[in-house]
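# Summary of the model geometry
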Amino acid sequence: MKIIVLALGLVASGLAQSESWPVLNYRVDPDWPQLPAGWTFEETPGVAVGGEERVFVFHRGPHPLMVFESSGAFVRSWGDGLFGRPHAVKFDREGSLWVVDDGAHFVAKADAAGRVRLVLGRKNTPGETDQNFNRPTDVAFAPNGDIYVSDGYGNSRVVQFTAEGRFVRAWGRKGKGPGEFNLPHAIAVDRQGRVFVGDRDNFRMQVFSGEGKFLAEWTHAGSPWGLVITPSDELFMCDGYANRILKLDLDGKVLGVLSGPGKLPGRVDFAHHLAVAPSGALYVAEIKNWRVQKFVPQPPGAKRNE
């Protein structure tokens, strides 16, 4: 295991030197998670961290939503028969769980017991209206409770709702100009209410006001597949094409890079979405490797990747 993690460090070091970005110092937890006997993940697009650092894994196989302790111990599962094609999972600011199903064209809010409390979109009914999505990709939440959905594979827009699910507005269309998208794949909202949209196949981040006014774009950081903004205003992004994780500030400055392409522990293949725990642990969901990896930050001064 030590050799594997050291190899990861060399890959990451090469990335950092070529981009002049520092290497983030994390180690992989080799014991995370512990699945029940005979169970496995399939394509794994989503991961979220809830209260008590319980980790929710959303994947495209039996038992599509699995819950684990931060230690990796299995807690329970739910969702069999409910989803068409899982794509993303997140917690809102009040602790409710949200799931995004791009195959069945809906976004749903659930309580801690897994009971559905609110549905946006109409299941198995694609469209581009105030009540229909066409293969949505992600969801994010403003400080005032508003909900933003990146409606991304079939449509090319962002859709805004109130906390109660009332349609407010939508913006965007297919294209390369400001406010246009080529697969809006990930979305996050900061404490100021700015909306960060991962414009995946335009290889850029776009930043908007809460009302959809274009503010900025970043074209230097690669292709944003998954986004999360921490309470300390750090933005973590996974780039599934370059197979790496970036840490940025909210002005777009790259603060560090982690991982590289591959199958071994510590490397990633189609890193899709990610989550950051209060402890600082970073959970990364991978499509091609059918897994979630837990990256644990190392204390200052610790020897890198050991």
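Residues numbered from 1 in each chain as written. Predicted model: local features only at pLDDT ≥ 70, side-chain atom pairs only at ≥ 80, totals over all residues. Heavy atoms only, no water.

### Focus on the overall build of the protein
In terms of helices and strands, the protein carries 1 helix and 24 strands. Over its C-alpha trace the protein gives a radius of gyration of 18 Å, about what one expects of a compact globule, namely 19 Å for 306 residues. Along the three orthogonal principal directions, the C-alpha set of the protein runs to about 55 × 45 × 30 Å. For the protein, buried positions account for 58% of its 306 residues. A fraction of 47% describes how many contacts in the protein between residues 6 or more apart in sequence connect residues 24 or more apart. Summing over all exposed atoms, the protein offers an accessible surface of approximately 12400 Å²; the carbon and sulfur share of this is 50%. (Helix = DSSP H or I, 4+ residues; strand = E, 2+ residues; numbered from the N terminus. Rg over C-alpha atoms; globule rule 2.2 N^0.38 Å. Buried < 20%, exposed > 50% of the residue type's maximum accessible area, 1.4 Å probe, protein only. Contact = heavy atoms within 4.5 Å. Areas by Shrake-Rupley, 256 points an atom, 1.4 Å probe, with all protein chains shown as cover.)

### Some remarks on the pairing of strand β15 (residues 195-199)
Counting buried positions along β15 gives 5 out of 5 residues, so the element sits mostly inside the fold. Along β15, one buried face is formed by Val195, Val197 and Asp199 and the opposite face, lined by Phe196 and Gly198, is buried too. Of the pairings in the sheet, the one linking strand β14 (residues 184-189) to β15 comprises 5 bridges and is antiparallel in character. Within the sheet, the bridge partner assigned to Pro184 lies in β15 and is Asp199. Across 5 bridges, the pairing between β15 and strand β16 (residues 204-208) is antiparallel. Counterpart to Asp199 in the pairing with β16 is Arg204. (Pairing = 2+ DSSP bridges.)

### Focus: the sheet that holds strand β8 (residues 106-110)
If you trace the 4 strands from one edge of the open sheet to the other, you get β6-β7-β8-β9, paired in antiparallel fashion. Strands with a single pairing partner mark the edges of an open sheet, and in this sheet they are β6 (86-91) and β9 (116-120). Recorded for the sheet is a direction-independent mean angle of 20° between the axes of neighbouring strands. Direction of pairing for β6 relative to strand β7 (residues 97-101): antiparallel, over a ladder of 5 bridges. The residue bridging Lys90 from the neighbouring strand is Trp98, located in β7. (Axes fitted to C-alpha atoms, helices over the stretch in contact; angles between N-to-C directions.)

### A look at the pairing of strand β13 (residues 167-171)
Judged from the 4 bridges that link them, strand β12 (residues 157-161) and β13 form a sheet pairing that is antiparallel. Bridge pairing in β13 places Val158 opposite Trp171. Following β12, the chain reverses through 5 residues before pairing antiparallel with β13; Gly165 in that reversal takes a positive phi of roughly 95°.

### Quick word on the sheet that holds β15
Strand order across the open sheet formed by 4 strands is β14-β15-β16-β17, with antiparallel pairing between neighbours. Whereas interior strands pair on both sides, the edge strands pair on one side only; in this sheet they are β14 and β17 (214-218). This sheet shows a mean twist of 20° between the axes of neighbouring strands, independent of strand direction.

### Looking at the packing of aromatic side chains
Evaluated as defined, the whole model comprises 19 aromatic pairs. With a centroid separation of 5.5 Å and an interplanar angle of 55°, the aromatic rings of Trp32 and Phe68 are classed as tilted. With Trp32 in the loop between β1 (26-28) and β2 (46-49) and Phe68 in strand β4 (residues 65-68), this residue pair connects regions lying 36 residues apart in the sequence. Taking the relative accessible area as the measure of exposure, Trp32 reaches 6% and is therefore buried. According to the relative accessible area criterion, Phe68 is buried, its value standing at 0%. Ring geometry for Phe208 and Phe214: centres 6.0 Å apart, planes at 75°, overall edge-to-face. Judged by its relative accessible area of 0%, Phe208 is buried. Take Phe214: its relative accessible area is 30%, and that puts it in the partly exposed class. (Phe/Tyr/Trp six-rings, centres within 6.5 Å; stacked < 30°, edge-to-face > 60°.)

### Describing the nonpolar core
Core analysis: the biggest nonpolar cluster contains 17 residues, and Phe196, Leu227, Leu235, Met237, Leu246 and Leu248 have the highest contact counts within it. Excluding its chain neighbours within four sequence positions, the residues that come into contact with Leu248 are Trp218, His220, Ala221, Glu234, Leu235, Met237, Lys253, Val254 and Leu255. If you look at the next biggest cluster of nonpolar residues, it comprises 15 residues, including Leu258, Val268, Leu282 and Phe295. (Core = buried A, V, L, I, M, F, W, Y, C linked by side-chain atoms within 4.5 Å.)

### Focus on the side chain of Asp29
When you line up the elements, Asp29 lands in the loop between β1 and β2. One buried charge, Asp29, has no salt-bridge partner; the nearest side chain with opposite charge is Lys294, at 4.2 Å. Polar side-chain contacts of Asp29 include one of 3.0 Å to the backbone nitrogen of Asp31. With residues near it in sequence (within four places) discarded, Asp29 still touches Lys294 and Val296. (Lys, Arg positive; Asp, Glu negative; His and termini not counted. Salt bridge = Lys/Arg side-chain N within 4 Å of Asp/Glu carboxyl O. Polar contact = N/O pair within 3.5 Å; in protein donor to acceptor, adjacent residues only side chain to side chain.)

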